[in-house]
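# Observations on the three-dimensional arrangement
Listed here are the chains, written in short residue letters.
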Amino acid sequence: TRGACRYKQGQVILERGDQSRSILLILAGSIIQKATGDSVLEVHHDGGIVGWSSFFALGNRGYETRHVAGSDVEVLRISHHTLENAMSASTLAGARFWRSLAMFLGRRVQRQQQQLFDVEETTGEKILENHHNS
């Protein structure tokens, strides 16, 4: 499946456990990523990518989290097959994809680390201390 899709606020876009067949690039709006029990893991906005981690999982175990439209949202749905073909057809396209993914993941790790620092500052609990000593 490929192409622009629209979802209304509150509509489930990717369901936990569903087979992963595509990744989604957010063109407009927001998507809320929820863990088991519906706790919010992250909110993704314009330019964000969701569903990518299942693309790389061996055996396609399905989506590990639920993704819900946080607002009316428009996404570009790119099938795994289309993505693989594009990366195989052009070394440059593949290199750009991997570089963009690395930058995206780096920013995500930085945001999560900052969130942990903020929790430490708020609670006084040393969450990251053990990691520094390893």
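Residues numbered from 1 in each chain as written. Predicted model: local features only at pLDDT ≥ 70, side-chain atom pairs only at ≥ 80, totals over all residues. Heavy atoms only, no water.

### Focus: the overall build of the chain
Defined as follows: By definition, any uninterrupted DSSP run of H or I lasting at least four residues is a helix, any uninterrupted run of E lasting at least two residues is a strand, and each is numbered from the N terminus. Only protein chains enter the accessibility calculation, which uses a 1.4 Å probe; a residue whose area is less than 20% of its type maximum is buried, one above 50% is exposed, and one in between is partly exposed. Only heavy atoms matter for contacts: two residues are in contact if any of them lie within 4.5 Å across the pair.
Looking only at helices and strands, one finds 4 helices and 8 strands in the chain. Seen in sequence order, the chain has helices and strands lined up from the N terminus as β-β-β-β-β-β-α-β-β-α-α-α. When burial is assessed residue by residue, the chain has 33% of its 134 residues classed as buried. A sequence separation of at least 24 residues applies to 72% of the contacts in the chain between residues at least 6 apart.

### Some points on the sheet that holds strand S7 (residues 66-69)
Filter applied, for reference: By this definition, two strands are paired if DSSP reports at least two bridges between them. Between the N-to-C directions of two axes lies an angle of 0 to 180 degrees, each axis being a line fitted to C-alpha atoms and, for a helix, fitted only over the stretch in contact.
Taken in spatial order, the 4 strands line up as S2-S7-S4-S5 in an open sheet, and their pairing is antiparallel. Every other strand in the sheet has two partners, leaving strand S2 (12-14) and strand S5 (40-44) as the edge strands with one partner each. Each strand of the sheet is rotated relative to its neighbour by a mean of 30 degrees, with strand direction disregarded. Across 2 bridges, S2 lies against S7 in antiparallel orientation. For Val-12, the partnering residue across the bridge sits in S7 and is Val-68.

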